[in-house]
Number of protein chains: 2
Amino acid sequence: MAPVVNGRVLFNSIPEGFPIPGTTVIYDTSEHIDPESVPLDGGFLLKTLELSIDPYMRGRMRDAKIESYVPAFELGEPLLGYGVGVVLRSEYPGIKPGDHIYGGLEHKEYAIRKDLNLLSVIENPHNIPWSAFVGVLGMPGMTAYIGWKEYARAKKGEVVFVTTGAGPVGSLVIQLAKADGLKVIASAGSDEKVQFMKELGADVAFNYKTSSVAEVLAKEGPIDIYWDNVGGKTLEAALDNAKIRARFIECGMITGYNTGYEPIRNLGLIIGKTISLHGFLVFHLEAKYIAEFYRELTPKVASGEIKYREHVYSGLESVGEAILAVQKGENKAKAVVHVADR
Amino acid sequence: MAPVVNGRVLFNSIPEGFPIPGTTVIYDTSEHIDPESVPLDGGFLLKTLELSIDPYMRGRMRDAKIESYVPAFELGEPLLGYGVGVVLRSEYPGIKPGDHIYGGLEHKEYAIRKDLNLLSVIENPHNIPWSAFVGVLGMPGMTAYIGWKEYARAKKGEVVFVTTGAGPVGSLVIQLAKADGLKVIASAGSDEKVQFMKELGADVAFNYKTSSVAEVLAKEGPIDIYWDNVGGKTLEAALDNAKIRARFIECGMITGYNTGYEPIRNLGLIIGKTISLHGFLVFHLEAKYIAEFYRELTPKVASGEIKYREHVYSGLESVGEAILAVQKGENKAKAVVHVADR
């Protein structure tokens, strides 16, 4: 087989505000590879099938000198993110052609990997679509499951408010909360997403662009649990409308990722109301829950008991567009870049 | 016995900023009482001995129309606060002359109480001074003990930062943290208070008026636990200098009580660092801990193993002055108003 183009998505410049396709990241075709003959040097050759586009990626598009919880992307190098690939060839013990691998992948079509650092082999006896393993059964699903199990202390009849309820994290939180017998208030940014949240079982679903969060919570709350993916004024409204002993699960604050964090003016309420705010990154907690997560969720996803929805972007060329859509909330559901069928 | 003046401290006007003695609260001598003959109607006559002046009292000096976790003081009526009194006469079952009572007392010399609502009889076999029961063995001590037990999850060798470390809450937190084997960084607002914190065992004690909190934490941290009594920029500095999985015990935010809460600009850090912020009011938690608190702390206070310090103000006339000093941090230690010896 002759060498083929090994398409890559490179981090090209540090964005000031929102990441601009073609400027912040560029699609590059300058690298070539011969999948049949490229030397493996004891590693294995992975072909990328699905890549996950997630809100947190914005945080990696920064000056490498600024420390943060995940390293900055390197300028001129491929982006990194969660993905699923298939092994084409292997010299690595225990890894064989046809194995599917989940974990941190470079945004390129083919990669030679020397070890299983941040990677694991996917077992898929139910033949669930591979893309699900970067969504409901990947990092976003784990985030929802683990955050809920660790912090919610949910009791039947309580009221939860879930933001970004049509996204991969929020949509699973809605379903976990309904399974625990809660009243679910859920918000998202389009009427189509509102419809999806209702299908998931949300008791009150609303479009935050056309309804006031504060008014909805004043009417349908007060709340016992808040699942925060947005921060800013929405967090302030949740504090205003929280019950005594409320639990706030602080999973994300996307309102701050591109334009700077909005200051929180009413944090003092957590004292008088005995509220706990639990910030978390899933990878700080996943060791405790990961086996339980797959054991519990996989059959429910396979049977359709747990629902999920994807917004599929085609090809590495679409990564820049997908990243921007996720930061603006313009994707319709969990954003996945489909790179190859097999 | 002829009627005597029943001195009272009345809530006179809602303060705009700091509460002004003689304006916000006034000392009033218009009420008279004959302690020997006043009808009890089945209740008991309580003579006030010690009154506690605490930071949270500022929150009650508001328009009664504004809802909050404790009711507003009523204009024209006596202030209410924690105190200790002695029973002079009683028609109430189980209460006899000479009993000492702890709980919510009106700021007046004599009061007739009809029940034990928010009151309890003090057992004092060690003959500890009665004033201790509004400080280290009262609400402030319980706040320190219960907050620490419920939220700190302290491990030997960890680092804690304690604000208002010379006050009744902070000074007990320092001692509990040292007993748990932690490195203690503690701040207060005078060199005399810094000296006291060193005597309590603080490894690093500093005056926040002459040293930068951010610089001290950068040098002596990062921190695993933060005991917050102040909020504002100090809380921001603690977030900047917190370790992954840090616990923040949000007990108070006195920087906001008189001039409005400062917005918190870096709350987003709680996600990347997996930090939990636990706001709490002691009365939401005390049922779980109160017996343990007295059993554990009383002998240690009696033996001097647990140290405490008081700033004693004399007479109800001094309540206004004591309240202002506590809001400004100008009291030297736990503020107690000594009303009568017995």
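Residues numbered from 1 in each chain as written. Chains lettered and ligands numbered in written order. Predicted model: local features only at pLDDT ≥ 70, side-chain atom pairs only at ≥ 80, totals over all residues. Heavy atoms only, no water.

Trainee: Any chance you could explain the pattern of salt bridges here in plain terms?
Mentor: Pairing between side chains of opposite charge can happen when the charged atoms of each approach one another. This structure, assessed with the given rule, holds 38 salt bridges over all chains. Ionic pairing is found between Lys 288 of chain B and Glu 150 of chain B, a salt bridge with its closest N-O pair at 2.7 Å. In this pair, Lys 288 of chain B is assigned in helix α7 (residues 282–303) and Glu 150 of chain B in helix α1 (residues 139–151), connecting sequence segments 138 residues apart. On the accessibility criterion, Lys 288 of chain B (56% relative accessible area) is exposed. Here Glu 150 of chain B falls in the partly exposed class, since its relative accessible area comes to 26%. Overlapping salt bridges bring together Arg 8, Asp 28, Glu 31, Glu 106 and Lys 108 of chain A as one network. (Salt bridge = Lys/Arg side-chain N within 4 Å of Asp/Glu carboxyl O. Helix = DSSP H or I, 4+ residues; strand = E, 2+ residues; numbered from the N terminus. Buried < 20%, exposed > 50% of the residue type's maximum accessible area, 1.4 Å probe, protein only.)

Trainee: What is the right way to look at the interface of chain B and chain A in this model?
Mentor: Note: interface size is frequently given as the accessible area lost on complex formation between the parts. Counting residues at the interface gives 29 residues for chain B and 29 residues for chain A. Together chain B and chain A conceal approximately 2400 Å² of surface at their shared face, both sides included; 63% is due to carbon and sulfur atoms. When residues of chain B are sorted by the area they lose upon contact with chain A, Ile 271, Thr 274 and His 284 of chain B head the list and together hold 25% of the total. Taken together, chain B and chain A are joined by zero salt bridges. Counting the contacts that link chain B with chain A gives 14 residue pairs in polar contact (both at pLDDT 80 or more). (Contact = heavy atoms within 4.5 Å. Buried area = accessible area lost by both parts, 1.4 Å probe. Polar contact = N/O pair within 3.5 Å; in protein donor to acceptor, adjacent residues only side chain to side chain.)

Trainee: I'm lost on the UniProt feature "domain: Enoyl reductase (ER)" (unreviewed entry) in chain A in this one. Help?
Mentor: The UniProt record marks residues 22–337 of chain A with the feature "domain: Enoyl reductase (ER)" (unreviewed entry), using the residue numbering of this structure. End C-alpha to end C-alpha, residues 22–337 of chain A measures 16 Å, and it is 28% helix and 26% strand. (UniProt positions renumbered as here; feature names shortened; annotations may be inferred.)

Trainee: Looking at this structure, I do not really get the relation of the copies chain B and chain A. What am I missing?
Mentor: Comparison of the two chain copies shows a relationship of rotation about an axis with a shift along it. You can overlay chain B on chain A at an RMSD of 0.0 Å; the transform is a turn of 180° with a shift of 0.0 Å along its axis. Taken together, the rotation and translation relating the two chain copies correspond to the operation of a two-fold axis. Most of the interface of chain B is mirrored in chain A, where 100% of its interface residues are also at the interface. (Least-squares fit on C-alpha atoms with pLDDT ≥ 70 in both.)

Trainee: What am I meant to see in empty space enclosed by the protein here?
Mentor: With a probe scaled to a water molecule rolled over the atoms, the places where space remains empty come into view. All names here are of chain A. Under the counting rule described, the total for this entry stands at six cavities of 30 Å³ or more. What the largest cavity holds in volume is close to 80 Å³. Lining the largest cavity, in full, are Gly 135, Val 136, Ala 166, Gly 167, Pro 168, Ser 171, Leu 172, Phe 196, Tyr 308, Arg 309, Glu 310 and Lys 334. Broken down by element, the lining of the largest cavity gets its largest block of residues, three residues, from helix α2 (residues 168–179). (1 Å grid on protein atoms, 1.4 Å probe; cavity = no way out; pocket = protein on both sides within 12 Å on 5 of 7 lines; lining within 4 Å. Points joined across faces, edges and corners; volume = space filled by probe spheres on them.)

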